[in-house]
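Structure assessment
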Number of protein chains: 2
Amino acid sequence: MAASLPGAGRRLLCCLFLCLLLSAAVRAATLHHEWEISYQFKSPDCVRKLAVTINGQTPGPTIRATQGDTVVVRVSNSLLTENVAIHWHGIRQIGTPWADGTEGVTQCPILPGDVFTYTFVVDRPGTYMYHAHYGMQRSAGLNGLIIVAAAPGGRDAEPFAYDGEHDVLLNDWWHNSTYEQATGLASVPIRWVGEPHSLLINGRGTFNCSAAVAGTCDATLSECAAPVFDVVPGKTYRFRIASLTSLSALNFEIEGHPMTVVEADGHYVKPFVVDSLSIYSGETYSVLIKADHQDPTRNYWLASNVVSRQPGTPTGTAVLSYLGAPRGPPPTPPPAGRAWNDTMYRFQQSVATVAHPAHVEPPPPRADRTILLLNTQNKIDGRIKWALNNVSFTLPHTPYLVAMKNGLLGAFDQRPPPETYAHQTYDIYAVQKNPNTTTSNGLYRLRFGSVVDVVLQNANMLDANKSETHPWHLHGHDFWVLGYGIGRFDPAVHPATYNLRDPVLKNTVAVHPYGWTALRFKADNPGVWAFHCHIEAHFFMGMGVVFEEGIERIAELPPEIMGCGKTKGGH
Amino acid sequence: MAASLPGAGRRLLCCLFLCLLLSAAVRAATLHHEWEISYQFKSPDCVRKLAVTINGQTPGPTIRATQGDTVVVRVSNSLLTENVAIHWHGIRQIGTPWADGTEGVTQCPILPGDVFTYTFVVDRPGTYMYHAHYGMQRSAGLNGLIIVAAAPGGRDAEPFAYDGEHDVLLNDWWHNSTYEQATGLASVPIRWVGEPHSLLINGRGTFNCSAAVAGTCDATLSECAAPVFDVVPGKTYRFRIASLTSLSALNFEIEGHPMTVVEADGHYVKPFVVDSLSIYSGETYSVLIKADHQDPTRNYWLASNVVSRQPGTPTGTAVLSYLGAPRGPPPTPPPAGRAWNDTMYRFQQSVATVAHPAHVEPPPPRADRTILLLNTQNKIDGRIKWALNNVSFTLPHTPYLVAMKNGLLGAFDQRPPPETYAHQTYDIYAVQKNPNTTTSNGLYRLRFGSVVDVVLQNANMLDANKSETHPWHLHGHDFWVLGYGIGRFDPAVHPATYNLRDPVLKNTVAVHPYGWTALRFKADNPGVWAFHCHIEAHFFMGMGVVFEEGIERIAELPPEIMGCGKTKGGH
């Protein structure tokens, strides 16, 4: 075609092509990180405890990148006797399903002394996270933020403006080790670790030293001093807020400063204002605040409080510091947050979170397949478990990705889990008469390119009058959130109420107490992907499923993900 | 040849052969064990702590076998995120060097979810042990006894008689996890865990609950009740006594009952009588006592006390219960043991331990090679280490056995460590002027069949006027203990004093404070074998070396020992 153009036109075209190439080369950087994972004594809430750290730090370093960049993280395991795997939460891993970092699903764990390199493209701007995805290791401190800026001048540029940015990573924290927590969960009777000892903001919290074991707590450590976020009066700030709690649903507020929600899980949302933000483990939000309080001569609290469970943990705090105001804590007591059982407040935020008008990605109008998942608390041999459609999930010891790609028979249960449950008769408000269940590591195989609806139905727990919020996280995809409800989902009625106009895309979504949540995604990312409650203890106790799609489209797998189970010896 | 015999002769020969076959079949049993390794909450000293258990128990089950039996232990790792490896302490693994269970030397660690089967022959009668050999995992509770009876009527029959037998496994115990201990050792400055909280006898000890963290201690648990050893007045008992302490040298006594030492590390010794037995980590002894106390109407203490370090741990106790005496603790306070710094008492026991006259195995008259090892405390980048000839040992992440057999280059340092040190000038009584050292994972390659002498020289530590006892354990062999001394070893003088007449064979031997110990072994067991201080923290900090011999004589290695480091992918 170029041959038919006159000389000047050809030169112009060449020049344009070169410019495009150059601009792509400039934009799409490759960012190298070297991480050493080790245990270190840390005092995040002033109480000394062993933590799993990255280069000696918890939280680990924030990965900052620009849309289109390639991130390369060379992970070296120095945990002595413990393995590790790191998940890049919210990164879809398109073309790199082996880099998802999910032990048992996409890779074998990384052994002590071994080095494993994660390489992936961050293709969308937004606020993401990373964390350990092996046993209950995430709770031990291996976590951090991934912040991806929009490509300059691209169509994903932010539809809002601000003068400065602050990043807030929320967490909960126990003084018990993850080994103690996990062993307690698997004990008969269950030995529950109890409510978190502290809530952390950017890895810092405050425990009351008088309640600590003698000699372990030091309230004067700078390591546990409340984080300070500086603002200049009159300016607008973007706060990126992310939660990697093990257990806690949180209510987050910035005292006296309404927040305009503008981003959720890497997607721009139709702005709406809240006094306090409900945020669940696995979620990220961006909010805008204006530093325009009528009294700019003092400081204000950032506060996180437990909701959805009766709280037993003090407020997590940080300080919003106005330029010119004296340093130090605000003069008021920290906000106590919304009532913990104010489900409707949280439900309303869920419903209010829809796509930004200029960034609507319409969902396919209908699903090819609908999977209804009833989420119940169960028992096996006296051990408490969670189950979906009466199947409690267990991870296989051979990663699905390798087992399926390489045809390793017997690596997992070949029978698919059930697609539905007795939705017409199951009483979600009652304690189950027979809570016994079975385990399986079977998975759902999805037709490549098909549209899948999943409806998660929450029910009563083993104790009467108790149902909790479960934040479900999908790997490898974003999904459209089509609807929420409180009560029994009826497939004959509720689909007609779905929001097909401007549903938000997310990777993590709340299922409210006694409620249901409907979501839709396209099975167009070849790989094997976990979908599970992001409460660490719940996934450990079986609250998860796994999807496979397009396994046949994946090229040869990197041998580095193998070495365990049936892949020992490098099959 | 049989063809030239007359018919009756042939029949007789056939019959004899059949008898031999049958008797071998009867004698040489194959003993199968199924072990699941998991974390469990245990209260060995009445304080609840997470322990690594075998089938829910710590110590694990005692393996009882008869000389010539094949022991098969199928180990299933249920530690969730932690690997494991199990060493069969004192079993030489002739023909099965891959079953020695030493992570980094003979195998890759066993991953969570994996199963590994150890198969080995117990070719000699005696008292042996097993324990984890990975990081500092042994201290977490994975340990137990192996008791091998002499083949009936064989030449290894015991040269002593007794009416009953009791087994005593000694240990020390901390409430801190092994992760805390190991991280503390690697911290700058060092965060030393401190003296043991308790001394255990058969996995039971007594901590003073008033000193424990509230809610963790329960003195009424049967789990931590003092073990009781029943005796009938007038009878003679064999006590098999084994120590797997992490740190402590022990003084063990049975109140009011002199002990006749008859076995050490699986070898019969010339009987000698002690009031209390000095026993170091990695050693086993058998003693005979007669239940002939003048007052058989009461009970007596078994007591273990820390020696060689200034003790900070209460006496470990159990009860010797005379038939007919009332149950319950003895009326006296438990014996406090010998003065902790009475080195000469311990030295004398070492020297008194020689081969039983009817079971002398004379050593080769001279060595083909002599390795002198100076044992010093050192520093690297501010971290405290131990070193031999100024090289602090580190384990490679690819097991030597696989790396050497399969020629995997770069798996470890090819330069051998030094054979000697400046023995004529080094002042063993002084603090080193420059304690800095380097690490290496180089090893000593021994000519197959050669006779090797090793002299271990103890020196002053980083603090003035301080030198400790180090029990050194050799894998894959027994060694003749040729001599001990206090002071500087002189290769021109001391070899002439060696006991070449009736030295005892052992697998673990003490090097006394400021002292030296000379030993000899024949490098005739194809494999790669660790030789190290059996104090868990000391090997972790570099106090060890490795020997290789006859690697070329080993048949194909089982692929099950591979999967880590450069053996990932099954090279």
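Remember, predicted model here, so these are calculated numbers, not experimental data. (Residues numbered from 1 in each chain as written. Chains lettered and ligands numbered in written order. Predicted model: local features only at pLDDT ≥ 70, side-chain atom pairs only at ≥ 80, totals over all residues. Heavy atoms only, no water.)

**Describing the packing of aromatic side chains**
Under the defined criterion, the tally for this structure stands at 41 aromatic pairs over all chains. Note on Tyr444(A) and Phe547(A): the rings are 5.8 Å apart at their centroids and 45 degrees apart in plane angle, and the pair reads as tilted. Linking Tyr444(A) in strand 24 (residues 444-446) with Phe547(A) in strand 32 (residues 544-549), this pair joins segments that are 103 residues apart in sequence. Taken as a pair, Tyr444(A) and Phe547(A) share a single burial class, namely buried. Among the aromatic side chains, those forming a connected cluster through ring pairs are Trp35(A), Trp88(A), Phe116(A), Tyr118(A), Phe120(A) and Tyr130(A). A cation over an aromatic ring shows up here: Arg338(A) above the ring of Tyr345(A), its NZ or CZ 3.8 Å from the ring centre. Seen from the ring of Trp173(B), Lys49(B) lies directly overhead, with NZ or CZ sitting 4.2 Å from the centre. (Phe/Tyr/Trp six-rings, centres within 6.5 Å; stacked < 30°, edge-to-face > 60°. Helix = DSSP H or I, 4+ residues; strand = E, 2+ residues; numbered from the N terminus. Buried < 20%, exposed > 50% of the residue type's maximum accessible area, 1.4 Å probe, protein only. Lys NZ or Arg CZ within 6 Å of the ring centre and 35° of its normal.)

**Quick word on the sheet that holds strand 13 (residues 249-254) of chain B**
Residue and element names in this part refer to chain B. Strand order in the open sheet made by the 5 strands is 11-19-18-13-16, with mixed pairing throughout. What marks the edges here is a single partner per strand, and that holds for strand 11 (228-231) and strand 16 (276-279). Direction aside, neighbouring strands of the sheet carry axes that sit 20 degrees apart on average. Bridge count for strand 13 against strand 18 (residues 300-307) is 6 bridges, and the pairing is antiparallel. By the bridge assignment for strand 18, Ile254 is matched with Leu302. Where helix 3 (residues 343-352) meets the sheet, its contacts fall on strand 13, strand 16 and strand 18, and the angle it forms with strand 16 comes to roughly 85 degrees. (Pairing = 2+ DSSP bridges. Axes fitted to C-alpha atoms, helices over the stretch in contact; angles between N-to-C directions. Contact = heavy atoms within 4.5 Å.)

**Regarding the side chain of Asn458(A)**
Residue and element names in this part refer to chain A. Mapped onto the fold, Asn458 is located in strand 25 (residues 451-458). Overall, Asn458 belongs to the buried group, its relative accessible area being 1%. At a separation of 2.6 Å, a polar atom in the side chain of Asn458 contacts the main-chain carbonyl oxygen of Glu468. A distance of 3.1 Å separates the side chain of Asn458 from the backbone oxygen of His512, its partner in a polar contact. (Polar contact = N/O pair within 3.5 Å; in protein donor to acceptor, adjacent residues only side chain to side chain.)

**Structural notes on the sheet that holds strand 2 (residues 49-54) of chain B**
Residue and element names in this part refer to chain B. Within the open sheet, the 4 strands sit side by side as 2-1-4-6. Their pairing is mixed. Two strands in the sheet have a free side with no partner beyond their single neighbour: strand 2 and strand 6 (115-121). Averaged over all adjacent pairs, the angle separating strand axes in this sheet is 20 degrees, with direction ignored.

**Examining the domain arrangement of chain A**
All names here are of chain A. What the domain assignment lists for chain A is domain 1 (25-149), domain 2 (164-358) and domain 3 (361-567). The C-alpha-based centres of domain 1 and domain 3 are spaced at 24 Å. At the junction of the two partners, domain 1 supplies 27 residues and domain 3 supplies 36 residues. Of the roughly 2300 Å² buried at the junction of domain 1 and domain 3 (both faces included), carbon and sulfur atoms supply 63%. It is Trp98, Val105 and Cys108 in domain 1 that bury the most area against domain 3; as a group they hold 26% of the surface buried on that side. If you look at where domain 1 meets domain 3, you find 2 salt bridges. The partner of Glu536 in a salt bridge is Arg138, and the shortest N-O contact between them spans 3.2 Å. Remark: the boundary between domain 1 and domain 3 carries 18 residue pairs in polar contact (both at pLDDT 80 or more). Here the side of domain 1 that touches domain 3 is composed, by residue class, of 8 nonpolar, 14 polar and 5 charged. (Domains from an automatic or database assignment. Buried area = accessible area lost by both parts, 1.4 Å probe. Salt bridge = Lys/Arg side-chain N within 4 Å of Asp/Glu carboxyl O. Nonpolar A, V, L, I, M, F, W, Y, C, P; charged D, E, K, R; others polar.)

**What about the relation of the copies chain A and chain B?**
Overlaying chain A with chain B gives an RMSD of 0.0 Å, the required rotation being 180 degrees about an axis along which the chain moves by 0.0 Å. When the rotation and shift are considered jointly, the pair of chain copies conforms to a two-fold rotation axis. Comparing interface residues between copies, 100% of those in chain A also lie at the interface in chain B; the contact surface is shared. (Least-squares fit on C-alpha atoms with pLDDT ≥ 70 in both.)

**Some thoughts on the UniProt feature "domain: Plastocyanin-like" (unreviewed entry) in chain A**
All names here are of chain A. In the numbering adopted here, UniProt assigns the feature "domain: Plastocyanin-like" (unreviewed entry) to residues 41-150, 168-324 and 419-550. When the span residues 41-150 is considered, its composition is 0% helix and 41% strand, and the gap between its end C-alpha atoms is 37 Å. Annotated as 4% helix and 41% strand, the span residues 419-550 places its first and last C-alpha atoms 20 Å apart. (UniProt positions renumbered as here; feature names shortened; annotations may be inferred.)

**Topic: the interface of chain A and chain B**
Each partner contributes to the interface: chain A provides 36 residues, whereas chain B provides 36 residues. Counting each side, the surface lost to burial between chain A and chain B is near 3000 Å², with a carbon and sulfur contribution of 63%. For chain A, the biggest contributors to the area lost against chain B are Phe41(A), Thr81(A) and Tyr179(A); these three give 21% of the whole. Along the contact surface separating chain A from chain B lie 16 residue pairs in polar contact (both at pLDDT 80 or more). Ranked by residue count, the leading element in the side of chain A that touches chain B is helix 2 (residues 178-185) of chain A, at 5 residues. Tallied by class, residues from the side of chain A that touches chain B come to 16 nonpolar, 13 polar and 7 charged.

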